[in-house]
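Below are the chains, spelled out letter by letter.
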Amino acid sequence: MTRVLQIRRGSTANNNAFTGMPGEITMDTENKTLRIHDGETLGGFEMARRDDIKNSEFDITNVPDDVWHDIIARCAPEAMVMTETRQVRINSNQSYLNYVVGIKDMPKIVQTVLVCQNSEAGYNPGDEVMAFGIGNRCNPMPNIVMEQGRLNLYHMVGKEKYWVSHKTSGESIQISDENWNILFRVYC
């Protein structure tokens, strides 16, 4: 059995006096056009027919600058502010590293990196490494907790050894605590 979908329809006067539900489509039987409704606007928004469009050639260079500024203002994400902690020596003999950051808002992203201090695993002093782990955990992220209006970053170590992926071979290499520092980048 064939099914037929019919949308609400009526004359131009009927459509002009109708406020449809958000997303509802109606048909103007006189003008042979469709109208899109937002639940608020009386009559909805009439969609143009192809034969009503004088110039069907769209030229993006003719779009006014204020249109682009409006689109960017509505659609672009808000700029994030990055706060970088000072570097702290890694310590495999502790259960966790707690770093308190003077931020009162919950961050959107926290990035953890190791910074090489003395050449090891193919890295040079100053190289930053994100491909690291602790014990059998890969790329461990800190636990983020707001306590008493302060942001606490708990980096769980569990008294296990740190490792990095070798710079050129990718092999997991256990590293020495004295050769590496850790830092956090907090994006709010």
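Residues numbered from 1 in each chain as written. Predicted model: local features only at pLDDT ≥ 70, side-chain atom pairs only at ≥ 80, totals over all residues. Heavy atoms only, no water.

Draft legend 1. Quick look at a nonpolar patch on the surface. A surface patch of nonpolar side chains, amounting to about 600 Å² of accessible area, comprises Leu5, Ile7, Ile25, Leu34, Ile36, Phe45 and Met47. Structurally, the position occupied by Phe45 is in strand 4 (residues 45-46). (Patch = residues over 30% accessible without salt bridge, like charges linked within 9 Å, V, L, I, M, F, W, Y side chains within 5 Å. Areas by Shrake-Rupley, 256 points an atom, 1.4 Å probe, with all protein chains shown as cover. Salt bridge = Lys/Arg side-chain N within 4 Å of Asp/Glu carboxyl O. Helix = DSSP H or I, 4+ residues; strand = E, 2+ residues; numbered from the N terminus.)

Draft legend 2. Here's a closer look at the environment of Ile25. Here Ile25 shows up in strand 2 (residues 25-28). Using a relative accessible area of 35% as the deciding quantity, one classes Ile25 as partly exposed. When the C-alpha atoms of Ile25 and Arg35 are compared, they prove to be 5.6 Å apart, with 10 residues separating the residues in sequence. If near-sequence neighbours (up to four positions away) are discounted, Ile25 is found in contact with Ile7, Arg8, Leu34, Arg35 and Ile36. (Buried < 20%, exposed > 50% of the residue type's maximum accessible area, 1.4 Å probe, protein only. Contact = heavy atoms within 4.5 Å.)

Draft legend 3. Summary view of the pattern of salt bridges. Enumeration according to the criterion identifies seven salt bridges in this entry. Close ionic contact of Glu24 with Arg8 constitutes a salt bridge, the shortest N to O distance being 2.9 Å. With Glu24 in the loop between helix 1 (12-16) and strand 2 and Arg8 in strand 1 (residues 8-10), this residue pair connects regions lying 16 residues apart in the sequence. Exposure remark for Glu24: the relative accessible area of 16% places this residue in the buried category. Between Arg35 and Asp28 there is a salt bridge, with its nearest N and O atoms 3.3 Å apart. One salt-bridge network, in which partners are shared between bridges, spans Glu84, Glu128 and Arg185.

Draft legend 4. A look at the nonpolar core. Leu114, Leu153, Tyr162, Val164 and Trp180 are the most contacted members of the largest nonpolar core, which has 24 residues in total. Breaking this core down by element, the ones donating at least two residues are strand 7 (96-101), strand 8 (109-116), strand 10 (132-134), strand 13 (150-156), strand 14 (162-165) and strand 16 (180-187). At four residues, strand 16 tops the list of elements feeding residues into this core. In contact with Trp180, other than residues within four places in its own chain, are Arg89, Ile90, Leu114, Val115, Cys116, Gln117, Glu120, Tyr123, Val129, Val164 and Ile175. (Core = buried A, V, L, I, M, F, W, Y, C linked by side-chain atoms within 4.5 Å.)

The quantities given are spatial measurements derived from coordinates; they are silent on function.
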